[in-house]
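Examination of the molecular architecture
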Amino acid sequence: MADSTEGSRRRLSVLARQLTGHVRSVPSREAADREGAMDATPFGLAPCSGLDNNSGGMLSGQVALITGAGKGIGEAAAKLMAAHGAAVVVADMDAGAAQHVAREIRVSGGRAVAVAGDVTAPDFPERVVGEAVANFGGLHILVNNAGYTWDGTIHKMSPEQWAAMLEVHCTAPFRLIQAAAPLMRDAGKAEIERSGEARQRCIINISSTSGTHGNAGQANYATAKAGVVGLTKAVAKEWGPFNVRCNAIAFGLIDTRLTRAKEGGESIVVGGKTVHLGIPAASSHWEVLKPLVALRRVGSAEEAAGAVLALASPLLSYVTGQVLEVNGGSYM
Ligand SMILES: NC(=O)c1ccc[n+]([C@@H]2O[C@H](COP(=O)([O-])OP(=O)(O)OC[C@H]3O[C@@H](n4cnc5c(N)ncnc54)[C@H](O)[C@@H]3O)[C@@H](O)[C@H]2O)c1
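Residue positions are given per chain, counted from 1 along the sequence in the order it is written. This being a predicted model, a pLDDT of at least 70 is required before a residue's local features are given, and a value of 80 or more before pairs of side-chain atoms are given or counted; all residues contribute to the totals for chains, interfaces and linings. As a rule here, side-chain values come from all non-hydrogen atoms in the structure, and water together with hydrogens is ignored.

The name that an unreviewed UniProt entry assigns to the protein chain is Ketoreductase domain-containing protein, with the source organism given as Astrephomene gubernaculifera. Heading Sequence similarities (unreviewed entry) of the UniProt record for the protein chain holds this comment: "Belongs to the short-chain dehydrogenases/reductases (SDR) family." UniProt positions are given in the numbering used here, feature names are shortened, and annotations may be inferred rather than shown by experiment.

**Some details on the sheet that holds strand β6 (residues 244–251)**
The pairing of strands in a sheet happens through backbone hydrogen bonds and is either parallel or antiparallel. For two strands to count as paired, DSSP must find a minimum of two bridges between them. The numbering of helices and of strands both runs from the N terminus, where a helix is a DSSP run of H or I of at least 4 residues and a strand a run of E of at least 2. Taking strand neighbours across the sheet as the criterion, the 7 strands line up as β3-β2-β1-β4-β5-β6-β9 in an open arrangement whose pairing is parallel. Every other strand in the sheet has two partners, leaving β3 (111–116) and β9 (323–326) as the edge strands with one partner each. Strand-to-strand twist of the sheet, defined as the mean angle between neighbouring strand axes without regard to direction, takes the value 20 degrees. Pairing of strand β1 (residues 63–67) with strand β2 (residues 87–92), which is carried by 5 bridges, proceeds in the parallel orientation. In the sheet register, Val63 faces β2, and the bridge partner there is Ala87. Every residue pair with non-hydrogen atoms within 4.5 Å of one another is taken to be in contact. Helix axes use the C-alpha atoms of the stretch in contact, all axes being lines fitted to C-alpha atoms, and the angles between their N-to-C directions lie in the range 0 to 180 degrees. Strands in contact with helix α6 (residues 159–180) are β1, β4 (141–144) and β5 (201–208); relative to β4, the strand with the most contacts, it is inclined by about 170 degrees. Its contacts with the sheet put helix α9 (residues 219–239) on β5, β6 and β9, and the angle it makes with β5 is roughly 160 degrees.

**What about the packing of helix α3 (residues 72–83) against helix α11 (residues 301–312)?**
For the pair α3 and α11, interaxial distance at closest approach is 8 Å and the crossing angle is 55 degrees. It follows that α3 is oblique to α11 by the angle criterion. Relative to α11, α3 is oriented so that their crossing is right-handed. Where α3 approaches α11, its residues Gly72, Ile73, Ala76, Ala77, Leu80 and Met81 are matched on the opposing element by Ala301, Glu302, Ala304, Ala305, Gly306, Val308, Leu309 and Ala312. If an angle is under 35 degrees, it is roughly parallel; if it is over 145, roughly antiparallel; if it lies from 65 to 115, roughly perpendicular; otherwise it is oblique. When the near helix sits turned anticlockwise from the far one by under a right angle, the crossing is termed left-handed; a clockwise turn instead gives a right-handed crossing.

**Some words on the packing of α6 against α9**
Axis separation between α6 and α9 bottoms out at 8 Å; the angle between their running directions is 15 degrees. In this view, α6 runs roughly parallel relative to α9, as classed from their interaxial angle. Handedness of the crossing formed by α6 with α9: right-handed. Here α6 contributes Gln161, Trp162, Met165, Leu166, His169, Cys170, Pro173, Phe174 and Ile177 to the contact with α9, which in turn contributes Ala219, Asn220, Tyr221, Thr223, Ala224, Lys225, Gly227, Val228, Leu231, Val235 and Trp239.

**Focus on the site of the ligand**
One heavy atom within 4 Å of a molecule or strand makes the whole residue count as near it. Taken together, 29 residues lie around the ligand, and Asp92, Asn145, Tyr221, Thr256 and Arg257 are the ones closest in. Any N or O atom pair separated by 3.5 Å or less is treated as a polar contact, with the protein-specific requirement of one donor-capable and one acceptor-capable atom, and with residues adjacent in sequence counted only for side-chain atom pairs. Backbone polar atom of Ile73 to an oxygen atom of the ligand: 2.8 Å apart, as the coordinates give it. Taking Met93, its main chain carries an N or O atom lying 3.3 Å from a nitrogen atom of the ligand. All accessible-area figures derive from a Shrake-Rupley calculation using a 1.4 Å probe, and residue coverage is judged against the displayed protein chains alone. Relative to its unbound accessible surface of 820 Å², the ligand loses 97% to contact with the protein. Top contributing element to the shell around the ligand by residue count: β5, with 3 residues.

**As for α6**
Its 22 residues give α6 an end-to-end C-alpha distance of 30 Å, which sits within 8% of 32 Å, the value for a rise of 1.5 Å per residue. Note that bend, as reported per residue, equals the angle between axes fitted to the 7 residues terminating at that residue and the 7 residues originating from it. Considering bend angle alone, the principal kink of α6 is centred on Glu167 and spans about 40 degrees. Burial classes follow relative accessibility: with a 1.4 Å probe on protein chains only, a residue under 20% of its type's maximum area counts as buried, one over 50% as exposed, and anything between as partly exposed. Those residues of α6 lying buried are Gln161, Ala164, Met165, Val168, His169, Cys170, Ala172, Pro173, Leu176, Ile177, Ala179 and Ala180. By this rule the span expected of a helix is its residue count minus one, scaled by 1.5 Å.

**Let's talk about helix α7 (residues 182–195)**
The first and last C-alpha atoms of α7 sit 18 Å apart over 14 residues, in line with the 20 Å expected at 1.5 Å per residue. Along α7, the residues that are buried comprise Pro182, Leu183, Met184, Ala187, Gly188 and Glu191. In the segment just after α7, Gly196 is the residue with positive phi, at about 90 degrees.

Here's what the structure looks like:
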C-alpha cells in the first residue's frame, strides 16, 4: 500500500509539473471516458442558464473536487460552483446520487464527472485526485465536505463510534490534502520559482458549530470537527507561501437529512453497520434553539453552498486560516 501510494504520488507530481502554468480548461472526451470515472463528460455543452461556463463565472478555468457532493450541502455546492464556471468532480460514497448530480450539472451546461467511493478508503484520495487530472487536467479547489453524525452520550459511546468520526472528518481530509499536494502546494511553488507568482488555489474544510462550541451527545463529532479547525490552520500556514488558501466553515443548523427528524429518517451504512441520521424529535429541538438564532430559521443547503462559493472565489483571495461561522447569527 505504501509503495503504491508513493507511486501514485510520484505520478501526480510529474503531472503537476507538466500542468503548471498551462492548465487545460477543456478536457478531451478520451480523458473523460478513462477507466474509473463513472460518467463521461459530454462536450458541445448547452448554455447554462445564461452563464458561459468556459469563459465567464467567478470560478472559470478552475477544477473543483467536492466530497460528499451527492446530497445536501455538497450537492448544492457542486451545482453552484459549476454554475460559476468550475469543472466539478462530484465525489460521494453513494454512487447513484453522485451520478445524478453530475448529470444534472451537465444537462444545465456545466462540466462535471462523478466519482464513487468512501473517503476513508485507503486508495480513495489518490484515485479521486487522479480523476480530477484525467478528466479536467488539474485541481484548484478542494472541498472536504463528506461526513455524517453518529451521536451518543459520552458514557455510552462505543470505541467504534468515536473512531468513525475522527476517520471521516479528520483523517480522510488530511489524506486528501496530502494527495492534492503535488497539484496545489508543489504546483504553486513551481509557479513562484518560475515567474514570481502563483495562481489561486484553495481548500475548504467543512466543520460545524459542534466543533467550535461543543454539543451534548456529539463528543465524537465535536472533537472531530474541532480537529478540522486545527488542520485548516496548519495547512494555511504551510501552504500560504505558495498561494494556497485554506479555510473552514462551521455550519450551524442547515436543513439536510442530518438535521431532520431521526424518526423515520435516512441512514448510512458504515463498515457494514447502519447508522441512523437526524436529530431525535427535531422539531421540538428546533423550538428550543430558535430564540438563540438571530435569523429565527434554519439555513438551506443553497445558503450553505453560497458560503463555500464565497470562500473559493477570488473575492476572498486575502482570506486564509479562518473559520467562517454560517449559523444564522447564533453563538454571538
Ligand atoms: N446539515 C447541517 O446542519 C450541518 C451542520 C454542520 C456541519 N455539517 C457538515 O456538512 C457536511 C455535509 O453534511 P450534509 O448536512 O450536507 O449531510 P448529507 O447527509 O445531506 O450529505 C452528506 C453527503 O456525504 C456523503 N458521505 C458521508 N460519508 C461519506 C464517506 N465516508 N465517503 C464519501 N461520502 C460520504 C453522503 O453519502 C452524503 O451524500 C458534513 O461534513 C457535515 O458534518 C452539516
